[in-house]
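Read off the chains here:
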Amino acid sequence: MRLATFQTGTRILGAFGIVFFLLLLLSGVALWRMQANDALTTDLVYDKLAKQQLSSDLLGAERLNGSRTVAIARSDSLELADYFNAQLAEGRKNVAAIEAKLGKLPRSAREAQFVAEAGRHKAALAKVETALFQAKEFGQTQTVEQLVGGDWERHYKAYTGALALLLAHEGEEAHRLAEESGGASLFGNTPLPGYAFSV
């Protein structure tokens, strides 16, 4: 009788031990997957989405600065030209601030290529704009029109096009990571109910 009772007690303790071990195992797996999901979410919010937003802001600011440049070049009013000059100066400060924020974020090799390409076109555009504003200052209307419709427009489109490519890349990266995060979350939550039910 005592032997049977002892065997029954041992079995109960063994069963509880197995259940406890499984619970610990499930808790460990759940914690690991939560940490992995948290890392993916952090990367998505503070890196990929931040880069996408900043790239969009940069493209929008440069397009606006382009419109201001054309307005200055084709303005017949000194007061209006001064107004757009002031707006352009503020716009350039805004661009510098956005570029500084982007520069603080880590870059992949692919992102560095996009940024370098945009920088090359921006430098070429800046040279043309310098010549454009000099021609405007000296009243060389024909030269101004030639530059606006020629070299300036070509470099401006190349620069904004490079920024658009950067923005598209960041959007694709954000979308890819969002899918990975969603898939990891779904995969991480799926086994728990099954195991809990089996226990």
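To be clear, the structure that these remarks concern was listed above.
Residues numbered from 1 in each chain as written. Predicted model: local features only at pLDDT ≥ 70, side-chain atom pairs only at ≥ 80, totals over all residues. Heavy atoms only, no water.

1. Observations regarding the overall build of the protein chain
For the record, the criterion: Counting from the N terminus, the helices are DSSP H or I runs at least four residues long and the strands are E runs at least two residues long. Buried residues are those whose accessible area, probed at 1.4 Å on protein chains only, stays under 20% of the maximum for their type, while exposed residues exceed 50% and partly exposed ones sit between those limits. Working rule for contacts: check all heavy atoms of both residues, and any pair within 4.5 Å makes them a contact. Per-residue and other accessible areas were derived by the Shrake-Rupley procedure at a 1.4 Å probe size, with only the shown protein chains allowed to occlude residues.
In terms of regular secondary structure, the protein chain is built from 5 helices and 0 strands. Helices and strands appear in the protein chain in the N-to-C order α-α-α-α-α. Looking at the protein chain as a whole, 28% of its 199 residues are labelled buried. Long-range pairs, those at least 24 residues apart, make up 82% of the contacts in the protein chain between residues at least 6 apart in sequence. Surface exposure of the protein chain reaches about 12,900 Å², of which carbon and sulfur atoms provide 63%.

2. A word on the packing of helix α2 (residues 78–104) against helix α3 (residues 109–137)
Keep this limit in mind: Helix axes are fitted to C-alpha atoms over the stretch in contact, other axes to C-alpha atoms as well, and angles between N-to-C directions run from 0 to 180 degrees. By the definition adopted for this analysis, an angle is roughly parallel if under 35 degrees, roughly antiparallel if over 145, roughly perpendicular if from 65 to 115, and oblique otherwise. By convention the crossing between two helices is left-handed if the near helix lies anticlockwise of the far one by an angle smaller than a right angle, and right-handed if it lies clockwise. Each residue is assigned to one of three groups, with Ala, Val, Leu, Ile, Met, Phe, Trp, Tyr, Cys and Pro labelled nonpolar, Asp, Glu, Lys and Arg labelled charged, and all others, Gly among them, labelled polar.
Relative orientation of the contacting elements α2 and α3 amounts to 165°, with a least axis distance of 16 Å. Between α2 and α3, the angle falls in the class roughly antiparallel. Here the hand of the crossing between α2 and α3 comes out left-handed. Each of Leu-88, Arg-92, Val-95 and Glu-99 in α2 lies in contact with α3, whose residues at this interface are Lys-122, Glu-129 and Phe-133. Across the contact of α2 with α3, the residue classes break down as 3 nonpolar, no polar and 4 charged.

3. Regarding α3
Heads up, the condition is: Each helix should span, by expectation, one fewer than its residue count multiplied by 1.5 Å.
The terminal C-alpha atoms of α3 lie 42 Å apart, and with 29 residues this matches the ideal 42 Å at 1.5 Å per residue to within 8%. Every buried residue of α3 is accounted for by Glu-111, Phe-114, Ala-118, His-121, Leu-125, Val-128, Glu-129, Leu-132 and Ala-135.

4. Observations concerning the side chain of Glu-111
To keep it simple, the criterion reads: Think of a polar contact as two N or O atoms within 3.5 Å of one another; within protein, one of them needs to be a possible hydrogen donor and the other a possible acceptor, and neighboring residues in sequence only count if both atoms come from side chains.
Tracing the backbone through its elements, the reader meets Glu-111 in helix α3. Of note is the side chain of Glu-111, whose polar atom sits 2.9 Å from the side chain of Lys-51. Those residues in contact with Glu-111 that lie beyond four places of it in its chain are Lys-51, Pro-106, His-169 and Glu-170.

5. So, the nonpolar core
Applicable threshold: By nonpolar core we mean a set of buried residues, namely Ala, Val, Leu, Ile, Met, Phe, Trp, Tyr and Cys, connected to one another through side-chain atoms within 4.5 Å.
Counting 22 residues, the largest nonpolar core has Leu-58, Leu-132, Val-144, Trp-152 and Leu-163 as its most contacted members. The set of elements that each furnish at least two residues to this core consists of α1 (2–74), α2, α3 and α4 (141–189). At 8 residues, the largest contribution of residues to this core is made by α4. Setting aside residues up to four positions removed in sequence, Leu-132 forms contacts with Thr-69, Ala-73, Val-144, Leu-147, Val-148 and Trp-152.

6. Concerning the packing of aromatic side chains
The condition that has to hold: Here is the rule: rings of Phe, Tyr and Trp (six-membered ring for Trp) pair when centre to centre is within 6.5 Å. Planes less than 30 degrees apart are stacked, more than 60 are edge-to-face, and the remainder are tilted.
As enumerated under the stated definition, the model contains 2 aromatic pairs in all. Ring plane angle 70° and centroid distance 5.3 Å describe the contact between Tyr-83 and Phe-84, whose orientation is recorded as edge-to-face. The exposure class of Tyr-83 is partly exposed, given its relative accessible area of 47%. A relative accessible area of 22% places Phe-84 in the partly exposed class. Aromatic pair Trp-152 and Tyr-156: ring centres 4.7 Å apart, planes at 10°, arrangement stacked.

7. Digging into the pattern of salt bridges
Test applied: For this analysis, a salt bridge means a side-chain nitrogen from Lys or Arg found within 4 Å of a carboxyl oxygen belonging to Asp or Glu.
Following the criterion strictly, the structure yields 10 salt bridges and no others. Residue Arg-74 is joined to Glu-145 by a salt bridge in which the shortest nitrogen-to-oxygen separation is 3.4 Å. Note that Arg-74 is positioned in helix α1 and Glu-145 in helix α4, a separation of 71 residues in sequence. The salt bridge involving Glu-90 is made with Lys-93; its shortest N-O contact spans 3.8 Å.

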